[in-house]
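What the coordinates show
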Amino acid sequence: KNTLVIFCSDNGPASEGSAGGLRGQKGQIYEGGHRVPAIFNWPGTLEPSVSGETMLTMDLLPTFLTMAGGEPGPALDGRDLLPLLKGGTQKREPVYWGVNRDTAVREGAWKLILGTKKKVQLFNLEQDLAEKKDVSAEHPEVTQRLRDLAEKWRAEMAKIPKKS
């Protein structure tokens, strides 16, 4: 009764698994590399619901802090998911992540991948969740705007000291 139970993963399947028709697998920047379901069960607190909003495992710590009566500070990556888990809406835009030397930025339906050697791919995930058709040439303004965001994020991440 008093326990929140969470089932989730931080990545997609290994090479022998299936990403259910999505491109990519564990360790890759495509949707199959990280898009996984998450189940939150907290009887008496959370009503059954389904959400298609993007959530990240880094959101768990700020959520737990809020549940415990604390306040997540600005130094934490992630956001408090409790409003979303309680049936509300909560958008996060844009979302950035990196895998190896590739960077992705997601804003609404758009996902841009900035690869090594500055190779760019743009996908509309509402129309092409499997990321089969690069539409960067057809949407140069979206491509450039998201590329600028991705490059700015890369520069910010490069400033963070690396552990030795």
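Look up: the structure comes first, before these words.
To keep things clear, this report deals only with the structure shown in the data block.

1. Here we look at the pairing of strand β3 (residues 95–99)
- Covered by surrounding structure in β3 are Val95, Trp97 and Val99 only, the residues Tyr96 and Gly98 on the alternate face being uncovered.
- Here β3 runs beside strand β4 (residues 102–107); their pairing, made up of 5 bridges, is antiparallel. When the sheet's bridge partners are listed, Val99 is paired in β4 with Asp102.

2. Topic: the packing of aromatic side chains
- Counted according to the given criterion, the structure contains 2 aromatic pairs.
- Each ring, one from Tyr96 and one from Trp153, has its centre 5.7 Å from the other, and the planes form 5°; the classification is stacked. Here the residue Tyr96 occupies a position in strand β3, and Trp153 occupies one in helix α3 (residues 140–158), the gap between them amounting to 57 residues.
- Judged by relative accessible area, Tyr96 falls into the partly exposed class, the value being 24%.
- Above the ring of Tyr30, the side-chain terminus of Arg23 is found at 3.9 Å from the ring centroid.

3. Brief notes about a nonpolar patch on the surface
- Taken together, the side chains of Val5, Phe7 and Ile39 define a hydrophobic patch exposed on the protein surface, amounting to about 300 Å² of accessible area.
- Mapped onto the fold, Phe7 is located in strand β1 (residues 5–7).

4. Things to note about unusual backbone geometry
- Even without being glycine, Asn100 reaches a positive phi, approximately 55°.
- With respect to the helices and strands, Asn100 occurs in the loop between β3 and β4.
- Phi at Glu131 is positive, roughly 55°, even though this residue is not glycine.
- For Glu131, the position within the fold is in the loop between β6 (120–124) and α3.
- On the basis of relative accessibility, which here comes to 1%, the residue Glu131 falls in the buried class.

5. So, the sheet that holds strand β5 (residues 110–114)
- Strand order in the open sheet made by the 4 strands is β3-β4-β5-β6, with antiparallel pairing throughout. The open sheet has two free edges, formed respectively by β3 and β6, since each of these has just one partner strand. Sheet twist, expressed as the average angle between the axes of neighbouring strands with direction ignored, equals 15°.

6. Notes on the nonpolar core
- Listed in full, the 10 residues of the largest apolar core are Val105, Trp110, Leu112, Leu114, Val120, Leu122, Val135, Val142, Leu146 and Ala150.
- At the level of secondary structure, the elements contributing two or more residues to this core comprise β5, β6 and α3.
- Beyond its immediate stretch of four places on either side in the chain, Val135 contacts Trp110, Leu122, Phe123 and Asn124.

Reading the values: the criteria
- Residues numbered from 1 in each chain as written.
- Predicted model: local features only at pLDDT ≥ 70, side-chain atom pairs only at ≥ 80, totals over all residues.
- Heavy atoms only, no water.
- Buried < 20%, exposed > 50% of the residue type's maximum accessible area, 1.4 Å probe, protein only.
- Helix = DSSP H or I, 4+ residues; strand = E, 2+ residues; numbered from the N terminus.
- Pairing = 2+ DSSP bridges.
- Phe/Tyr/Trp six-rings, centres within 6.5 Å; stacked < 30°, edge-to-face > 60°.
- Lys NZ or Arg CZ within 6 Å of the ring centre and 35° of its normal.
- Patch = residues over 30% accessible without salt bridge, like charges linked within 9 Å, V, L, I, M, F, W, Y side chains within 5 Å.
- Areas by Shrake-Rupley, 256 points an atom, 1.4 Å probe, with all protein chains shown as cover.
- Salt bridge = Lys/Arg side-chain N within 4 Å of Asp/Glu carboxyl O.
- Axes fitted to C-alpha atoms, helices over the stretch in contact; angles between N-to-C directions.
- Core = buried A, V, L, I, M, F, W, Y, C linked by side-chain atoms within 4.5 Å.
- Contact = heavy atoms within 4.5 Å.

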